[in-house]
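So you can see what is in the structure, the chains are spelled out below.
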Amino acid sequence: MVVEPKVKGFICTTAHPKGCEESVRRQIASTKKFGMVEGPKRVLVIGSSTGYGLASRIAVTYGYGAGTIGVAFERESNGKRTATAGWYNTKAFEKFAKEDGYYAKSFNGDGFSEEIKKQVIECIREDFGQVDMIIYSMAAPRRTLPDGTSVSSVLKTVGEPFTNKTIDLRTNEIKEVTVPAANEEEVRATVQVMGGEDWKDWITALNEAGVIKQGAVTLAYSYIGPVVTHAIYKEGSIGHAKKHLYDTSVELSEQFANIGLRAYIAVNKALVTQSSAAIPVVPLYISLLYRVMKDAGLHEGCIEQMNRLFLDKLVGDVETDDQGRIRMDDYEMKEEVQQKIADVWDGIDSGSVQELADIKEFWDEFYHMFGFGYDNVDYTEDVEI
C-alpha cells in the first residue's frame, strides 16, 4: 500500500511504517552522540510509544545501557488501514534495541487497567527481578476506573471562558478562539485521567509485589508555560490535573521513603505532540517559541529534551527548583525568550504569521510524529502496513 498523510484537525489518521522507523533511528542517533553515563539499568516506561515517553525509552537505553519494559495502548493494522504511529514506533525501537544487544519488551494494552499492571509485574519478576526507574508518561484522553466507569478529560478553563488568538492548523490563519469553562465534574474527571491517581496505583502495585529496587527513581512529566497560556493550561482543567500530579510526586516520596523512592516531576518545554496540537492557543505560541529559540540557538525537540534530562539533569546531584521540580523548561522560560514572544503576540495576524512564527517547523514536527516528511524515505513506494 502507498501510505499518504490524512489529517483531520490535529490528528493524522495514517502513519508510515518506514517513516516511523526512520524517526526512531534518528532519535537513537541523537542519544548516541552523548555517549554513555552511569544510570539505572532496568527501566519501566508507562506510556512508551510516542513523544516524551518514546524519547525517554531511547535515552535510557542508549544513554544508560538500560533494558526497558514499555507499556502503550496502540492499534495495529487491520490490513486496510495503517497501524498507529505508536505501534510502528514500538516495533522499530524493539528492532533497533535488540540488534544493539539491549533488552526491550513491550505490552500493548490499557495502562490504566489492573490486567496490564499484573502482566508487567510478572514480566519484571521473571526478567528483571526489580526495576530501578519508573517513568510515567501516560497521555490518554479517557480512563476506565477500577470500578468499571469511564471518565474523559477536557481542554477547558476553570471559572470563566477565555478568549485569545490561536492558529487554524488547516489554513495557517490567525483567529480568535473562546475556550469554555469546565464544570466541577469535568475538572474532577480531567484530574482522574491526567493527574497522579494512576501513577500512584502503579507504584503501589509494584511496591506490593516487591519489584521496586531500593533507592529507585520515578518521574512524571508536566508543563507550566507562559502567562499567555495560563488560562487554558496552568489554571485550566489540565492545570488542575498537573497540580494533582505534582502533589502525587510529593506523596510518593513520603509514602515510600522506606524503600528510598525518589519521585520527581520534570517540567518540560512546549513541543509539538499529539496532546499539545489539540490545545487552543498553544500551537500559535509553540510556532512563535520555535522561531525565537531557534534564532537564539536554544531549540530542542523531544529527544534533545530527554537526553538533557537523563544524561545531565538526573546524573549526580539532581538540580530542582524550590518545589523540588526538575525544570526542563529553563530555556523556554528565559526572560529574553518570553519577552520576544510577548512583543509580537498582540500584533500578529494572518499576514505576518509566516514571518514571525516558524510554521514550517511546527508542521515538520507534526508530520514527523506520524512518520511523514523525511527526505530519505520514498513515500511513493508500496509498503507493508
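Structural notes, computed from the coordinates.

Calculation criteria
Residues numbered from 1 in each chain as written. Predicted model: local features only at pLDDT ≥ 70, side-chain atom pairs only at ≥ 80, totals over all residues. Heavy atoms only, no water. Salt bridge = Lys/Arg side-chain N within 4 Å of Asp/Glu carboxyl O. Helix = DSSP H or I, 4+ residues; strand = E, 2+ residues; numbered from the N terminus. Buried < 20%, exposed > 50% of the residue type's maximum accessible area, 1.4 Å probe, protein only. Pairing = 2+ DSSP bridges. Contact = heavy atoms within 4.5 Å. Axes fitted to C-alpha atoms, helices over the stretch in contact; angles between N-to-C directions.

Topic: the pattern of salt bridges
And then number 1: This structure, assessed with the given rule, holds 24 salt bridges.
And then number 2: With a closest N to O distance of 3.4 Å, Arg-26 and Asp-375 form a salt bridge. Taken together, the residues span a long stretch of sequence, with Arg-26 in helix α1 (residues 17-32) and Asp-375 in the segment after α13 (359-368) at a distance of 349 residues.
And then number 3: Given the relative accessible area of 74%, Asp-375 is considered exposed.
And then number 4: Across the salt bridge formed by Lys-156 and Glu-186, the nearest N and O atoms sit 2.8 Å from each other. Of this pair, Lys-156 sits in the loop between β8 (150-152) and β9 (157-158) while Glu-186 sits in helix α5 (residues 184-194), and the two are 30 residues apart along the sequence. As far as the burial class goes, Lys-156 and Glu-186 line up, both buried.
And then number 5: Each of Glu-22, Arg-25, Arg-26 and Asp-375 takes part in salt bridges that share partners, so that together they form one network.

Digging into the sheet that holds strand β15 (residues 326-327)
And then number 1: What the 7 strands build is an open sheet, ordered β5-β4-β3-β6-β13-β14-β15; its pairing is parallel. Both outer strands of the open sheet, β5 (104-108) and β15, are each paired with one neighbouring strand and no more.
And then number 2: Sheet topology note: the strand β3 (residues 42-46)/strand β4 (residues 67-72) ladder contains 5 bridges and is parallel. Pairing of Val-45 across the sheet is with Gly-70, part of β4.
And then number 3: In the packing of helix α3 (residues 85-99) onto the sheet, the strands contacted are β4 and β5, and the crossing angle to β5 comes to about 160 degrees.
And then number 4: Running over the sheet, helix α4 (residues 114-128) touches β3, β4, β5 and β6 (131-136) and is turned about 170 degrees from β4.

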